[in-house]
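Residues per chain, in single letters:
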Amino acid sequence: MAHTDGARHLGGTSGTAGTVHVGDLRPGDHVCALYASDEEQASVLRGFLLAGLDAKHKILYLAGADGPEGPGELLEQCRFTGPPPVPAGQLEVLRTAELSPRQGELDPAALVGSLREAVDRSRSEGYRALRVTGELCTALCDGRDVSRLLRYEALLAAEFGSGEALAVCQCDTRRCDPAALDAFASAHPRSVEVDPLIRTAELVVVRTFDPPGLRIEGVVDTASHRHLRDALQSVAAVRGDVRLEMSRVEFLDLTGLRLLMTFARARAARHCTVELAGMPPHLLHVITLIGWDRTPGLRLGAAHAC
């Protein structure tokens, strides 16, 4: 569970440039979710569903041929440790084939028309908004031909700009042609990422997946040592090497550095490494001066240009 503290959050409601945390989405948003692992997809979907349940939104999942059969299977796919209670009718799973009258291929206009009806239906049922997600990138692309995909995204952006609905368009980067992937990403103003593990007034820590690790932003001092320790523990069981993205760290005290060195030694015992990527030059200097650059399991990546 994420730790939150304080009235002011570092960096506002956004993640890195061009991204937004999934829990910070609002009606009117139309974003993409690019994922390269089932774990990353499940993490984004968990945040999407929990935020929708909390906001009293109707939630519509558009499932392809190999997608979940119903709400129960979708909750299993999200890997909840304890599935949240879902009021009857609030979560709906629809096959994309049910939303398009044309056999054999999906029609963008028919899809968006069906979603327009879903918006009206959710309003009549008393929900505050409709939130939609699904993985349609491969279904709407014919190899390198992305014309249907771009038409759908343009229609969807125009339809959902009213503020009565929000959409997260998923894309499995492992299955998508690079040209189609570029076109898909460019059709969205922002991409979405998982909610922070830690978000306080001074520190934000976000789980990353490709490569696996954490992105650490802000200040690590006496007030946040416990938070950093908890965040490192959350990736302690990751198989293989771990990458810690440090380029947005503003301050890191010696105790914080010791926590990183301890984590590296623990990874070394499992024959794995920890890369500190984008570390500010002055912190690299401190690590080298103390001799911690020789810590077992530690790899120092390129310094962040100040």
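The notes below deal with the structure included here. All values derive from a computational prediction rather than experimental measurement.

Criteria and thresholds
Residues numbered from 1 in each chain as written. Predicted model: local features only at pLDDT ≥ 70, side-chain atom pairs only at ≥ 80, totals over all residues. Heavy atoms only, no water. Helix = DSSP H or I, 4+ residues; strand = E, 2+ residues; numbered from the N terminus. Buried < 20%, exposed > 50% of the residue type's maximum accessible area, 1.4 Å probe, protein only. Lys, Arg positive; Asp, Glu negative; His and termini not counted. Salt bridge = Lys/Arg side-chain N within 4 Å of Asp/Glu carboxyl O. Polar contact = N/O pair within 3.5 Å; in protein donor to acceptor, adjacent residues only side chain to side chain. Contact = heavy atoms within 4.5 Å.

1. Notes on the side chain of Glu40
Then, number 1: Mapped onto the fold, Glu40 is located in helix 1 (residues 38-54).
Then, number 2: For the buried Glu40, no salt bridge exists, and the shortest N-O distance to an oppositely charged side chain is 8.2 Å, to Arg174.
Then, number 3: Reaching out from Glu40, the side chain makes a polar contact with the backbone nitrogen of Ala36 at a distance of 3.2 Å.
Then, number 4: Setting aside chain neighbours within four positions, we find Glu40 in contact with Leu34, Tyr35 and Phe209.

2. Describing the pattern of salt bridges
Where charged atoms from two side chains of opposite charge approach closely, those side chains can pair.
Then, number 1: Applying the stated criterion across every chain, the model contains 18 salt bridges.
Then, number 2: One salt bridge in this structure joins Arg151 and Asp107, with 4.0 Å as the shortest N-O distance. With Arg151 in helix 5 (residues 147-160) and Asp107 in the loop between strand 5 (91-95) and helix 3 (108-124), this pair connects stretches of sequence that are 44 residues apart.
Then, number 3: In this structure Asp107 comes out as buried when scored by relative accessible area, which is 13%.
Then, number 4: It is possible to trace a salt-bridge network through shared partners that takes in Glu193, Arg215, Glu217 and Arg248.

3. Focus: unusual backbone geometry
Then, number 1: Pro211 follows Asp210 through a cis peptide bond whose omega is 0 degrees.
Then, number 2: One non-glycine residue, Arg79, lies in the positive phi region at around 60 degrees.
Then, number 3: Here Arg79 is to be found in the loop between helix 2 (71-77) and strand 5.
Then, number 4: By relative accessible area, Arg79 is classed as partly exposed at 46%.
Then, number 5: Unusually for a residue other than glycine, His271 sits at a positive phi of about 65 degrees.
Then, number 6: Tracing the backbone shows His271 in the loop between helix 8 (254-268) and strand 13 (274-277).
Then, number 7: What makes His271 exposed here is its relative accessible area of 77%.

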